[in-house]
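# A look at the structure
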Amino acid sequence: MPKAYVYTRHGGPETEAFAELDRPVPGPGELLIAVRAAGVNPVDWKLRGGFRRPGEGEPRFPVVLGSEAAGVVEAIGEGVTGFAVGDEVFGNTSGGAFAEYALLAASVTAHKPASLSFADAATLPVAGATAYDGVRQLDLPEGATLLVTGAGGGVGAAVLQIARARGLRVVGVASEAKKDLVESLGALHVASGPGLADRLRAVVPGGVDGVYDLVGGEVLAEAAGLLADRTKLITAGAAPDAVAALGGARVARARTAAVLDEVAELVVAGELDPHVSGTFPLDRADEALRAVEEGHALGKIVIEVGI
């Protein structure tokens, strides 16, 4: 039976396990793929811990981990057009990605360009598209200054590059260990940690034109203090109520195949490097998730699957 990496109840890493599950059957609007690669994201361990996306109810356990994948179409559900068995695709999963087989929602699935690797494609449905949606939402003019918190992670690295491609000046907040990465992407690095507000004011004494937050908490509040127009404050790292209290908003996700096509074209054109810094086989999915959960990963971590 196909192998998958799951969590069996809400909680910490102790709830995770490898399991053999029946091969999924695509329902209406879904594709079944043989997974070649799956991106690892903070939302994966947050969902394991009990976080729920808006409108989602309690899951049925065991739950396969992972939210984005790339692979080869094996079967097509009712009502799906534009795809054929054997197509190489990438997209958002309907039921988990850390597995040999996964279901993708056809409405948020795109054809993988031939020059795009499966590993790079697997980073785009969540991290790449979140970065793209947020930068487009802010809609800052060329030459404006954008502050990005959590700049050294998968979404953060993509935000820096997409913003720079749009002609923005970018300031990235990240740990000292991620300084080289942040600066290599054309951003001015500011170290995270105690005293952040003072370091930010020293670098941008006149404030900034926009904030893209990926951390939340006190970091979000300190970043907001540099912004005169709070409508240019967005977050993918804090709850809606927390950012609303500061006058900002959550990143508005488009969740369309068209956005995936556009992000993939940025990679093909050399304007966006997903920065896959580590790959793990499926039987080391636990290590891949720990690398992201403990905050040590530079850029993106990917699980590669061979069938």
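On a predicted model such as this, the values are computed, not experimentally measured, just so you know.

Quick notes on the rules
- Residues numbered from 1 in each chain as written.
- Predicted model: local features only at pLDDT ≥ 70, side-chain atom pairs only at ≥ 80, totals over all residues.
- Heavy atoms only, no water.
- Helix = DSSP H or I, 4+ residues; strand = E, 2+ residues; numbered from the N terminus.
- Rg over C-alpha atoms; globule rule 2.2 N^0.38 Å.
- Contact = heavy atoms within 4.5 Å.
- Areas by Shrake-Rupley, 256 points an atom, 1.4 Å probe, with all protein chains shown as cover.
- Axes fitted to C-alpha atoms, helices over the stretch in contact; angles between N-to-C directions.
- Parallel < 35°, antiparallel > 145°, perpendicular 65-115°, else oblique.
- Left-handed = near helix turned anticlockwise from the far one by under 90°.
- Nonpolar A, V, L, I, M, F, W, Y, C, P; charged D, E, K, R; others polar.
- Phe/Tyr/Trp six-rings, centres within 6.5 Å; stacked < 30°, edge-to-face > 60°.
- Buried < 20%, exposed > 50% of the residue type's maximum accessible area, 1.4 Å probe, protein only.
- Lys NZ or Arg CZ within 6 Å of the ring centre and 35° of its normal.
- Pairing = 2+ DSSP bridges.
- Lys, Arg positive; Asp, Glu negative; His and termini not counted.
- Salt bridge = Lys/Arg side-chain N within 4 Å of Asp/Glu carboxyl O.
- Polar contact = N/O pair within 3.5 Å; in protein donor to acceptor, adjacent residues only side chain to side chain.

## Brief notes about the overall build of the protein
Of regular secondary structure, the protein possesses 10 helices and 15 strands. Relative to the compact-globule value of 19 Å for 307 residues, the protein shows a C-alpha radius of gyration of 19 Å, a close match. Reported as C-alpha extents along the three principal axes, the dimensions of the protein are approximately 60 × 40 × 35 Å. Look at the contacts in the protein between residues 6 or more apart in sequence, and 65% of them connect residues 24 or more apart. Total accessible area computed for the protein in this model is approximately 12600 Å², and 51% of it derives from carbon and sulfur atoms.

## So, the packing of helix α3 (residues 124-138) against helix α4 (residues 154-165)
Helix-helix packing is described using two parameters, namely the angle between the two axes and the distance between the axes. Remark: α3 packs on α4, axes separated minimally by 8 Å, with the N-to-C direction vectors making an angle of 45 degrees. Regarding the angle of α3 to α4, the classification is oblique. Viewed along their axes, α3 and α4 form a crossing whose handedness is right-handed. The segment α3 lies against α4, with Ala127, Gly128, Thr130, Ala131, Tyr132 and Val135 engaging Gly154, Val155, Ala158, Val159, Ile162 and Ala163. Per-class residue counts for the contact of α3 with α4 are 9 nonpolar, 3 polar and no charged.

## A few points about the packing of aromatic side chains
Tallied over the entire structure, the rule returns 2 aromatic pairs. Aromatic pair Tyr5 and Phe18: ring centres 4.5 Å apart, planes at 50 degrees, arrangement tilted. You can see Tyr5 sitting in strand β1 (residues 3-7) and its partner Phe18 sitting in strand β2 (residues 16-20), a full 13 residues away along the chain. On the basis of relative accessibility, which here comes to 37%, the residue Phe18 falls in the partly exposed class. On the basis of an interplanar angle of 65 degrees and a centroid distance of 5.9 Å, the ring pair of Tyr7 and Phe61 is categorised as edge-to-face. One end of the pair, Tyr7, is in strand β1; the other, Phe61, is in the loop between α1 (42-48) and β4 (63-64), and 54 residues separate them in sequence. For Lys3, the ring lying beneath its charged end belongs to Phe18, and the centroid distance is 5.8 Å. Above the plane of the ring of Phe118 lies Lys112, whose end atom (NZ or CZ) is 4.7 Å from the centre.

## What to know about the sheet that holds strand β10 (residues 188-191)
Ordered in space as β10-β9-β8-β11-β12-β13, the 6 strands form an open sheet in which the pairing is parallel. Each of the sheet's edge strands pairs with one partner strand only, and the pair in question is β10 and β13 (249-250). Sitting on the sheet, helix α6 (residues 196-203) touches β8 (145-149), β9 (169-174) and β10, and the angle it makes with β10 is about 155 degrees.

## With respect to unusual backbone geometry
Of the consecutive residues Phe61 and Pro62, the connecting peptide bond is found in the cis state with omega at 0 degrees. Assignment of secondary structure puts Pro62 in the loop between α1 and β4. For Asp139, which is not glycine, the phi dihedral falls at a positive 50 degrees. When you line up the elements, Asp139 lands in the loop between α3 and β8. Its identity as a non-glycine residue notwithstanding, His275 has a phi of 50 degrees, on the positive side. Mapped onto the elements of the fold, His275 is located in the loop between α9 (257-268) and β14 (276-281).

## Section: the side chain of Glu30
Mapping Glu30 onto the fold places it in strand β3 (residues 30-40). Salt bridges are absent for the buried Glu30, whose nearest opposite-charge side chain, Arg23, sits at 12 Å. At a separation of 3.2 Å, a polar atom in the side chain of Glu30 contacts the side chain of Ser94. With residues near it in sequence (within four places) discarded, Glu30 still touches Val25, Ile76, Gly77, Val80, Ser94, Leu103, Leu104 and Ala106.

Treat this as a map of the structure, not an account of what it does.
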